[in-house]
Amino acid sequence: MKILNINMTLDPVNGGGTAVRTVQMSKSLVKSGVECTILTLNLGLTPEFLKAFKHIKIIALPCMNKRFYFPRPSLDLIKMVMNLAREADLIHIMGHWTLINALVYFSVHRFKKPYVVCPAGAMPLFGRSKWLKRLYNFIVGRRIMRNASAWIAITPAEISYFESFGIPSSRVTVIPNGINQEDFLEQDTKAFRYRKGLSDHPIILFMGRLNTIKGPDLLIKAFILICRLIPDHHLVFAGPDEGMQSSLLEMAKQNGVSERVHFLGYVGGDEKSALYHAASVLVVSSRQEAMSIVALEAGICGTPVIVTDQCGFGEIKSIDPALEVPASAEGIANSLAGLLTEPGKREKVASSFRDFVSQRYTWDRIVKEYLHLYKELLNESGIKEI
């Protein structure tokens, strides 16, 4: 079986959840005996990063525009995409608003190849360039969605967006995000704290881009509301700055908590694992998100997580209803206060959540759902599994 995975970027710093999902999914498919190629842009693909891609062929197109993820146009580019589509048995398109997806779609359509789409939370018209997104849907986006062979949602809450394109909910397959436990083994947290200039105070962690959609401002406001209830706790932001760090720091200064607020920038690899293990709690304060991968990463490390009700991870309420909160400073503050001040509650939640993640969201389990779907599609299209 030859699978072509499409995602606009694999950049570990700025690529977000779709980059992580594409990487982990591809590695798991290869581990299961599938021949896998990834088509992407040449952003963040350092030699060190590429070393991890054993037995996976990566085709990296030169990027002309980093905001809109435009590949540099050329006749050779079109020929390359067409050849990749022709050689693949099945194509998996991740995300939605990209020219790469459009190029692949026209090639797939020409060769009548089966393809699946997984927008992974990209479909809502949120943030900048709404008029461009509407134009994209008018020209090609709607056709990409409606003509797919199968549709993948990463959470049941995403199904309604498929329905808005005329796709019946019964045709949508839900395959959640996953986690590789071996990527998050326990690290030397004491050495990590020393390298990053962190004290041994308990940590409330934010892991993600400092962007409005991720809600770091909601978390710092929540921290300010309860900082006197938890005088030993520090707030740590780990993720690239996308224009909010200065305002967050100013907010901390104005409220007298700047010495308890830390900005680490991007943290990856073993250091990311060390930070999860060092944290008392991770807060996913997003205003809009399909399903938080960082929540799974923290969970497999035994770190409890609080998410907003905009994160598409309502399943966490089965651990404790207070772990999912409204996307507001007050909602986050109330949950944090209960988790960190009630004796024994944090430890109980941490243990239960780790078991929950390890039993439901490991890639060894989730890749079987992909393979089942792919085999069904190939059988329907008359392509023999290789």
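Sequence order as written defines the numbering, with residues in each chain counted from 1. Owing to the predicted nature of the model, reporting of local features is limited to residues with pLDDT of at least 70; listing and counting of side-chain atom pairs is limited to 80 or more, with chain, interface and lining totals taken over all residues. Remark: hydrogens and water are excluded; side-chain values derive from all non-hydrogen atoms of the structure.

Peer 1: Please give an account of unusual backbone geometry that cites residues and values.
Peer 2: Within the chain, His-55 stands out as a residue other than glycine whose phi angle is a positive 65°. Considering the arrangement of structural elements, one finds His-55 in the loop between α2 (47-50) and β3 (56-61). Take His-55: its relative accessible area is 72%, and that puts it in the exposed class. You will see that Lys-112, though not glycine, has its phi angle at about 55°, which is positive. For helices the rule is a DSSP run of H or I covering at least 4 residues; for strands it is a run of E covering at least 2, with both sets numbered from the N terminus onward. Think of it in three bands: residues with accessible area under 20% of the maximum for their type are buried, residues over 50% are exposed, and the middle band is partly exposed, with areas taken using a 1.4 Å probe on protein chains only.

Peer 1: Any details on the pattern of salt bridges? Residues and values, ideally.
Peer 2: By convention in these notes, a salt bridge is any Lys or Arg side-chain nitrogen within 4 Å of a carboxyl oxygen on Asp or Glu. Going through the model one piece at a time under the given rule, you end up with eleven salt bridges. Note that Lys-345 and Asp-320 form a salt bridge whose closest N and O atoms lie 3.6 Å from each other. Of this pair, Lys-345 sits in helix α13 (residues 345-360) while Asp-320 sits in the loop between β14 (305-308) and β15 (324-325), placing them 25 residues apart in sequence. Residue classification places Lys-345 among the buried residues on the basis of a relative accessible area of 15%. Accessibility expressed as a relative area gives 16% for Asp-320, which makes it buried. Counted as one network, the salt bridges with shared partners bring together Arg-195, Lys-196 and Glu-271.

Peer 1: Can you explain the sheet that holds strand β9 (residues 172-174)? Please cite residues and give values.
Peer 2: When DSSP finds two or more bridges between a pair of strands, those strands are recorded as paired. Pairing in this open sheet of seven strands is parallel, and the strands run β3-β2-β1-β6-β7-β8-β9 from one edge to the other. Of all strands in the sheet, those with a lone pairing partner are β3 and β9, marking the two edges. Across the sheet, the mean angle separating the axes of adjacent strands is 20° when strand polarity is ignored. Both strand β2 (residues 35-41) and β3 contribute to a ladder of six bridges, which runs parallel. Looking at the pairing, Ile-38 lines up with Ile-58 of β3. In this description, contact between two residues means that some pair of their heavy atoms is separated by no more than 4.5 Å. Lines fitted to C-alpha atoms define the axes, with helix axes restricted to the stretch in contact, and inter-axis angles between N-to-C directions lie between 0 and 180 degrees. Helix-sheet contacts for helix α3 (residues 75-87) involve β1 (2-6), β2, β3 and β6 (90-94), and the interaxial angle to β3 is about 155°.

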